[in-house]
Amino acid sequence: MPSIPVTSQRDEATRVIGLQTQFSADLIGLPIVDPQLTWQTISERPDAIQLAYEISSVGETGEVVTSPVVAGSDQIEIVASGHISKAREIRYLRVRIATQYGWSDFSPYTKFETGLASGKELIGDSIGDSSSHSEPSPILRKEFQAAKKIAKARLYATSEGIHALYLNAVPVTDEYFTPGWTAYDDRRTFVTYDVTSLVQVGGNCLSAELGDGWTRGKLGFMNMYDNYGKNLHLLAQLEITYMDGSKDVVVTDNSWKVSSGEIQFADIYDGTTIDYSKQQKGWQLAGFNDSSWAVPVLYPFAKETLVARTSTRVVKVEEFSSRILDTKNTSRTLLDFSQNISGWVRLTVDGKKGDVVTIRHAEVLEPGPNLHTAALRTAKATDHYTLDRDGRHVLEPKFTFHGFQFAEVTGPAKFVSAVGVAISSANQRRGFFTSSDARLNRLHQNVVWSIADNMVSVPTDCPQRDERLGWTGDAQAIAMTSNTLFKLDSFWRNWLVDLWVDQKRVGGVGAVVPDILSKQPSPGDGGWVITDRAGWADAATIVPMAAYESYGSAATLKQQLESIRAYVEGLSNRRKGEKFLPEEFQFGDWCDPDAPVDQPWLSKVKAQFVANAFFANTVQLAADAEALVGDAAHHKKFTELAATLREDIWEHFGQEAKETTAGCSIALEFGIVPDSEKVEVAKLLSDMVIADEGKITTGFLGTPLILHALSKNGHFEAAYTMLMRRKVRSWLYQVDQKATTIWERWDAIREDGSIHKGEMATASEDQPDASMISFNHYAYGAVIDWVYRNVAGIAPTTKSPGYRHITFAPRPGQGFTYASAEISTPFGEAAISWELVGESVLYAKVTVPFGSCAVIDFPLKSNSVLRVNGEIVLNGFEVGYGTYNVTVSAPEVATFRAVS
Ligand code: BGC
């Protein structure tokens, strides 16, 4: 290893770019913790390697802190200690690296701004009104003077319910649903807004609207209100720093005024009712006469539960224009936005004072055509507007979102135009894929949308019906794929904190996080405490490990270590000294297509095997986590326990596992099948898949595993037969049926065009035909992980995670002429694109980012010749930073049956 050059020696050809911290770049008001830096480097020198780094930062008043030079090649989650020490601190951090050629320039700065030291610093009272759920939203206002020129202004705010804040009638942010959903009982967050440009010298008005949100709105399939509280209130503090250094603070207290305005009703599931005739004109501006307004009610607020918000902001991500369908029917305007989204419609109408405009939403249409709303169950997903004057109006709902592709507008006002506004937690896209198969490309796109639509503050099962809960089973199923497609490290990290917080509160890992079910009474046993259930609670180990593999995030593993240990402990205790977990309710291979349609937990593969197999897998992941960030004693204990479990499970359940595709897949992927029997079990699995012409026979737990179980054991024919099948019960069947997101059931739309009845739902007076069928469930989208790894041929490796070591292993299937994938790894862009010319030569280009290395593992037959940049090499050839041309003569192409 060359020695670190002196700091005056410069490497002009190497640049550090893209410095980021452990938090989303658009967040301010962060916790007072050491920044963890990750950076990317590019260099004109192909052999340059990082030998050392130096971190430096500058504060608001110009004071510089420079850390000592650290030797090493690490560039992920590097702890910058000694830079951040207090509340309200702004520091700009940068880094430079030494290669064997000298020191690079410093990277561009990245900003790190801390928030309050604790919730107790919010010195005001939490203020609201005495309304109940479903009643008009409280609005609050306060006028204040800003005496001098403003240098900086920050607004710190949290609320019971969700809030929208304004300064002089201008929204303080472009985000929605603040402060977001966390495990509210024990963990609330305050949000920091930069309002420097909104405070004006002279008179100002700070105002707020509050919505029921997750606090007291309808939540969960039992339609309960007031889950976290009965009252809406706001706790806020505006801190103004003037140019001369003096300060002013405006806090929520009894000097504010409260009233209500045009928002008559606002519920996440049901929609909003806005009556513009009730709008108080000018209430958000200084000078408004609020003498008829009430003094706010002061509420206690558990300030000790407040921490800085670290979740990703929920923002508008895209807009869709609409197409009018069924122009013959003039009693309504039926709209198609061409994409199933989470969000709402921005509607423009010409109308008269008093006109009521109603807009309903649905994911699919029934013949008629009419909206299919049965699948929404009790979620009304309807917005109503009453116009307050003649003329043109632009209408947008508040404090609600709908899952929809279609909408129907009724009322006397004349329809002018409509835009579909898609919202999501602002997680950056990081994975891109394309291939010569247009259907597979559309499937990929559908998965991207299902993930975006279902990440609204928390990862949800679906965005349309009366659910939208953080189902842990769905989250673990999609974890790896979602990490490939989006940069989700901080999103998951935030949600995992809630998982652990609620795990402590409830005494086990919930089936949903935040664990709202544990708070809702069930008819039978007095509480829906469904903890530690197989394949659901395992999100506790699978999600952190997926973050480790995808982002190299050891910090996430470290953060979750206690939760992981407690989960393993909890499962072990459940056994009460027996070998296996007891028989109790399990979700099983949920929604197995052969299960009774109204009992989706009765999968073909037995729940008892699934439960113990997931237990063994979790213990193994816990052992791995201990080896990485834990201690040797736990590592040893967990390693031994996992091995014993695997052996016992195979001995006891092996025979029955072999009878189902899910059983074989789980047993193979979790290493339960002994090495000596792997070939036999994989062959059994492959035979079943081929005999079924690739028809999907697995549910939420088996489906993410099955293609891996096949291909890792050499059965590409079966894997491709299943992936590329177009008959019903397949991914591409959905695409042929014009799906734009991933369905909850394979036959959500049947071959005869009818819509699945979703028999699971309980009918109500409101909705006698209610059904449980969602067209936007991401769990089955987990197949995309396989597509990146095998069709395009790019994957991280667990041993050197975060794409520090990349595997390039495309396995083209017959009929594909090209495929490519690009992933924004922590090290920079990693990419592969390949082209098959007449099946005789495969040309590929692979790109390895600075700091990474990769192994070339291409599809060879016995007569194939593999070349990297013209040189003949063998599979297993390692390459470092750079771009390489790879060719294979006579490549192996996986044949398969095209079933359509
Ligand atoms: C959700 C699923 C979830 C399941 C478990 C359903 O209602 O939509 O995705 O995992 O319940 O019971």
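This one's a predicted model, so the numbers in the text were calculated from it and none came from an experiment.

Novice: So what's going on with the overall build of the chain? Which residues, and what values?
Specialist: Helix and strand counts for the chain stand at 14 helices and 46 strands. Its C-alpha radius of gyration of 28 Å places the chain within 12% of the 29 Å reference for a compact globule of 900 residues. Across its three principal directions, the C-alpha atoms of the chain cover 90 × 75 × 60 Å. The burial tally for the chain puts 63% of its 900 residues in the buried class. On the chain, roughly 32,200 Å² of surface is accessible, and the fraction owed to carbon and sulfur atoms is 51%. When the 86 basic and 109 acidic side-chain charges of the chain are each reduced to a single mean position, those positions are 3 Å apart.

Novice: Account for the site of the ligand, with residues named and values stated.
Specialist: Around the ligand, the neighbouring residues are D461, R465, E467, W471, D474, W536, F587, W590, F700, E744, M772 and H777. One of the side-chain nitrogen or oxygen atoms of D461 is found 2.7 Å away from an oxygen atom of the ligand. Within the contact set of the ligand, an oxygen atom lies 3.1 Å away from a side-chain nitrogen or oxygen of W536. When the ligand is considered free in solution it has 310 Å² of accessible area, and contact with the protein chains removes 95% of it. Across the shell around the ligand, the residue classes tally to 6 nonpolar, 1 polar and 5 charged.

Novice: I'd like a description of the packing of helix 12 (residues 716–724) against helix 14 (residues 783–792), backed by residues and values.
Specialist: In the contact formed by helix 12 and helix 14, the axes pass within 12 Å of each other and the chain directions differ by 130°. Here helix 12 is positioned oblique relative to helix 14, judged by the angle of their axes. For the pair helix 12 and helix 14, the crossing hand works out as left-handed. Taken together, the residues of helix 14 that come into contact with helix 12 (itself represented by F716, A719, Y720 and L723) are V783, W786, V787, N790 and V791. Taken together, the residues of the contact of helix 12 with helix 14 sort by class into 8 nonpolar, 1 polar and no charged.

Novice: Which residues make up the sheet that holds strand 38 (residues 805–808), and what are the values?
Specialist: Spatially, 37-38-42-45 is the arrangement adopted by the 4 strands of the open sheet, whose pairing is mixed. The outermost strands of the open sheet, each flanked by one partner alone, are strand 37 (794–796) and strand 45 (877–879). Across the sheet, the axes of successive neighbouring strands diverge by a mean angle of 25°, strand direction being ignored. Examined bridge by bridge, strand 37 and strand 38 share 3 bridges and lie antiparallel to one another. Across the sheet, the residue bridging to A795 is T807, located in strand 38.

Novice: Explain unusual backbone geometry to me, and be specific about the residues and the numbers.
Specialist: A cis geometry characterises the amide bond from T178 onward to P179, with omega recorded as 5°. Mapped onto the elements, P179 comes out in the loop between strand 14 (170–171) and strand 15 (188–194). Of note in the backbone geometry, D326 takes a positive phi value of approximately 55° without being a glycine. Residue placement: D326 occurs in the loop between strand 25 (323–325) and strand 26 (333–351). For D326, a relative accessible area of 23% puts it in the partly exposed group.

Thresholds, definitions, all that
Residues numbered from 1 in each chain as written. Predicted model: local features only at pLDDT ≥ 70, side-chain atom pairs only at ≥ 80, totals over all residues. Heavy atoms only, no water. Helix = DSSP H or I, 4+ residues; strand = E, 2+ residues; numbered from the N terminus. Rg over C-alpha atoms; globule rule 2.2 N^0.38 Å. Buried < 20%, exposed > 50% of the residue type's maximum accessible area, 1.4 Å probe, protein only. Areas by Shrake-Rupley, 256 points an atom, 1.4 Å probe, with all protein chains shown as cover. Lys, Arg positive; Asp, Glu negative; His and termini not counted. Charge placed at Lys NZ, Arg CZ, Asp CG, Glu CD. Near = heavy atom within 4 Å. Polar contact = N/O pair within 3.5 Å; in protein donor to acceptor, adjacent residues only side chain to side chain. Nonpolar A, V, L, I, M, F, W, Y, C, P; charged D, E, K, R; others polar. Axes fitted to C-alpha atoms, helices over the stretch in contact; angles between N-to-C directions. Parallel < 35°, antiparallel > 145°, perpendicular 65-115°, else oblique. Left-handed = near helix turned anticlockwise from the far one by under 90°. Contact = heavy atoms within 4.5 Å. Pairing = 2+ DSSP bridges.

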